[in-house]
There are 2 protein chains.
Amino acid sequence: MTNGWAASGDEPTIASVGEEQAIHAFTARLPESGERVLGPGDDAAVLAVPDGRVVVTSDSLVEGPDFRTYWSTPYDLGWKLAAVNLADVAAMGGRPTALIVALALPRSTPISALELLADGLADACDRLAPGCGIEGGDLAESPTITVVATALGSLDRRAPVTRAGARAGDIVALSLGAGQSLGDAARGLMTLAGWPAEELPEEGFPSGTFIDAQLRPVPPVEDGVAAVYGGATSMIDVSDGLARDASRIARASRVTIDLDSASLLAIGAVAGRAPVGGVAELLSAAEDHGLLATFPFDAALPGGFRLVGTVRDLGISPVLVDGEPLAAMGGWDPFRA
Amino acid sequence: MTNGWAASGDEPTIASVGEEQAIHAFTARLPESGERVLGPGDDAAVLAVPDGRVVVTSDSLVEGPDFRTYWSTPYDLGWKLAAVNLADVAAMGGRPTALIVALALPRSTPISALELLADGLADACDRLAPGCGIEGGDLAESPTITVVATALGSLDRRAPVTRAGARAGDIVALSLGAGQSLGDAARGLMTLAGWPAEELPEEGFPSGTFIDAQLRPVPPVEDGVAAVYGGATSMIDVSDGLARDASRIARASRVTIDLDSASLLAIGAVAGRAPVGGVAELLSAAEDHGLLATFPFDAALPGGFRLVGTVRDLGISPVLVDGEPLAAMGGWDPFRA
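Everything numeric in this text was worked out from a predicted model, so none of it was measured.

About the thresholds
- The numbers attached to residues start from 1 for each chain and follow its sequence in the written order.
- Written order decides the labels, with chains lettered from A and ligands numbered from 1.
- The model is predicted, so local features are restricted to residues of pLDDT at least 70 and side-chain atom pairs to those at 80 or more, both for listing and for counting; the totals for chains, interfaces and linings are taken over all residues.
- Elements are defined by DSSP. Helices are runs of H or I of four residues or more, strands are runs of E of two residues or more, and each kind is numbered from the N terminus.
- With C-alpha atoms as the basis for the radius of gyration, the globule rule is written as 2.2 Å multiplied by the number of residues raised to the power 0.38.
- Exposure classification rests on a simple neighbour count of other C-beta atoms within 10 Å of a residue's own: a residue reaching 20 or more is buried, one at 12 or fewer is exposed, and one in between is partly exposed. C-beta atoms are placed from the backbone.
- Contact criterion: two residues are in contact if their C-beta atoms, reconstructed from the backbone, are within 7 Å.
- In the scheme used here, Gly and all other residues not listed as nonpolar or charged are polar, with Ala, Val, Leu, Ile, Met, Phe, Trp, Tyr, Cys and Pro taken as nonpolar and Asp, Glu, Lys and Arg as charged.
- A pair of strands is considered paired only if DSSP assigns at least 2 bridges between the two.
- Angles here are taken between N-to-C directions and fall from 0 to 180 degrees, while the axes themselves are lines fitted to C-alpha atoms, restricted in helices to the stretch in contact.
- Each crossing gets its hand from how the near helix is turned against the far one by less than a right angle, where anticlockwise is left-handed and clockwise is right-handed.
- Any set of buried Ala, Val, Leu, Ile, Met, Phe, Trp, Tyr and Cys residues joined through C-beta atoms within 7 Å is what this text calls a nonpolar core.

Draft legend 1. How the structure looks around the overall build of chain A. If you tally the helices and strands in chain A, you get ten helices and 13 strands. Scaling as 2.2 N^0.38, a compact globule of 337 residues should have a C-alpha radius of gyration of about 20 Å, and chain A matches this with 20 Å. Taken along its principal axes, the extent of the C-alpha atoms in chain A is 65 × 50 × 35 Å. Within chain A, the proportion of its 337 residues that are buried is 59%. Within chain A, counting contacts between residues at least 6 apart in sequence, those at least 24 apart form 88% of the total.

The structure is reproduced here in structure tokens:
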């Protein structure tokens, strides 16, 4: 195991420096929340919530099912952990204010890996949600690398955008990160899965390919708040594939969502990079972490949102493509896949 | 593996019912927070924070280092996960309002184990912090059973009690759960460690012994708020042993804490249950999850707090016993133990 996860020589590890010093090495590199009242280091942190309501969500990444140490560097893992949690706050129309990060790592983990993990978390917060800081967490020992973040966010006096507000007649729109195409993360995973084991780069994968979207996703976090100002009636983070997540809005809102295949293919088209998959592939491609939202039919789509369908009265199927029912609903179930 | 962790016969498991149904089985048994605005089931939950500040902390339990499936039932694990997190909120003078619970479990985990875990969480909240609910979380797949909770709490317009406010002349006091003695959790762990493997009870350990304090701790959560009204100048959750946690207050407050051995022995004495350990044992006994606090010298001690020492000007050692420096600082470091 290389890629930053294994200690080289007599490099200090969590076991050699002890828990307190390891925690210090990690937290010293983390950004502070703009809402900090009392930072980490006591039994708990205290965060300002001027709005009087806090958005809260949690997402985990576990070695094996969710990431591989020979694909993801500690930096990649920290980045992705932040990104997937920030996306969930954005999907409520919230502004992320803080992450609480619980790490469970082997005793042999080098301190340098902890520092890279911190840098990935820090850079993702700076890039995706400026002002969001890491305000506490936990370090435990485990044979299985497990990282869990809980994200807090503010609604800044706005109403939350749930999955339940779509109305027949609304339009359906998707925002991906800047420069992203629908299905990039899934294409990146396929690329990684096909990579010869003996040719894996020791220092992690360089950027510039679909692999970026898989290892270091860039969800359109700011479009969460933009969607609220654009009048969004419902919203969801697209992590399990467009068909499955669209069906979640449809079921919660008791409507049918009719997706337009030509629009999906256009958003899935990647000029000069690789062949585009079919509509079925795009519907089931997981982990894009785009925002799928519905808006009133006459709304001007905000931010990076692009039209992908319309909302209809509830019919026999929660999701249609070009007016036809989906035969099989794709998507990602970690316990079934 | 029995004790509720293994599926018997064709009992449904996470793998057989799938992620969404497994999550539903778990969440259906959980209590709702008194501060709920929008419950779990969307991308994030929304919680009321009328105070304008939120207390937040996270603690994890990992199979192996933190618990064993042949000692702890899923119910025990849920209880302890709630208890240790609620204690951290209490140690800030906070009132716990919600837990966010991330589970990483093997695919083979029976749904009945998820239900028991939920019941343990629910019962601990009801008993220790009524009104605190579980408002979201995550279910991931892992070969290593890992449970992480993030606790949120309210200060209800009061100032937080940190580790940094102790002043020379203050008195030092300890609150344990009702009926608890100092060192019970460590005695319980010793009892478990000495239990013959072939005689482990299949349905978990019955209550009525020190094992309770180890598997299902009852921290004095309500004494956290009581301490604030009693004028507490500093406070900490005693999870790593009294000496080590007292030294944390001493260092943060730049004072020396002088513990009184006779008081410790009195609080460690267990009438008619087992011989009492020496002072050294009591100073290093981990996981009691009592609250150690300092109060003005003329304060009437609130709740279950009992006098255990005095605060002095910073001397050569952060912690003294009967005025003498501690030769070795006991306590629990998961990466060093």
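The structure having been displayed, the exposition proceeds.
Draft legend 2. View of the environment of B:D59. Along the chain, B:D59 falls in strand β3 (residues 53-62). When the C-alpha positions of B:D59 and B:A168 are compared, they lie 31 Å apart, and in sequence the two are 109 residues distant. Beyond its immediate sequence surroundings of up to four residues, B:D59 is in contact with A:D138, B:V84, B:N85, B:D88 and B:A149.

Draft legend 3. Seen up close, the interface of chain B and chain A. Facing the 60 residues of chain B at the interface are 60 residues of chain A. At nine residues, β3(B) tops the list of elements feeding residues into the side of chain B that touches chain A. Residues belonging to the side of chain B that touches chain A are distributed by class as follows: 31 nonpolar, 14 polar and 15 charged. Bridge count for strand β2 (residues 45-48) of chain A against β3(B) is four bridges, and the pairing is antiparallel.

Draft legend 4. Up close: the packing of helix α3 (residues 74-90) of chain A against helix α4 (residues 111-128) of chain A. Residue and element names in this part refer to chain A. Contact pair α3 / α4: the axes reach a minimum separation of 6 Å and the direction vectors enclose 40°. In this structure, the crossing between α3 and α4 has a hand that is right-handed. Contact residues: α3 offers P74, Y75, D76, L77, G78, W79, L81, A82, A83 and L86, while α4 offers A113, L116, L117, A118, D119, G120, L121, D123, A124, C125 and L128. Considered class by class, the residues forming the contact of α3 with α4 number 16 nonpolar, two polar and three charged.

Draft legend 5. Fine view of the packing of helix α2 (residues 19-27) of chain B against helix α4 (residues 111-128) of chain B. Residues and elements named next belong to chain B. As a packed pair, α2 and α4 sit with axes 8 Å apart at the nearest point and diverge in direction by 35°. Seen along the crossing, α2 lies across α4 with a hand that is right-handed. Along the contact surface, α2 presents A22, A25 and F26, while α4 presents I111, L114, E115 and A118. Across the contact of α2 with α4, the residue classes break down as six nonpolar, no polar and one charged.

Draft legend 6. Main features of the nonpolar core. Counting residues in each nonpolar core, the largest one holds 217 residues, and the members touching the most others are A:L86, A:L121, B:L86 and B:L121. Not counting the four nearest positions on each side in its chain, B:L121 is found in contact with B:L30, B:G78, B:L81, B:A82, B:L99, B:V101 and B:I134.

Draft legend 7. Looking closely at the pairing of strand β10 (residues 290-295) of chain B. All names here are of chain B. Burial runs high along β10: six of the six residues are buried. One ladder, built from five bridges, connects strand β7 (residues 171-175) with β10; its direction is antiparallel. Paired with L174 across the two strands is L292, which belongs to β10. Pairing of strand β8 (residues 234-238) with β10 involves five bridges; the strand directions are antiparallel. Bridge pairing links V238 to G290 in β10.

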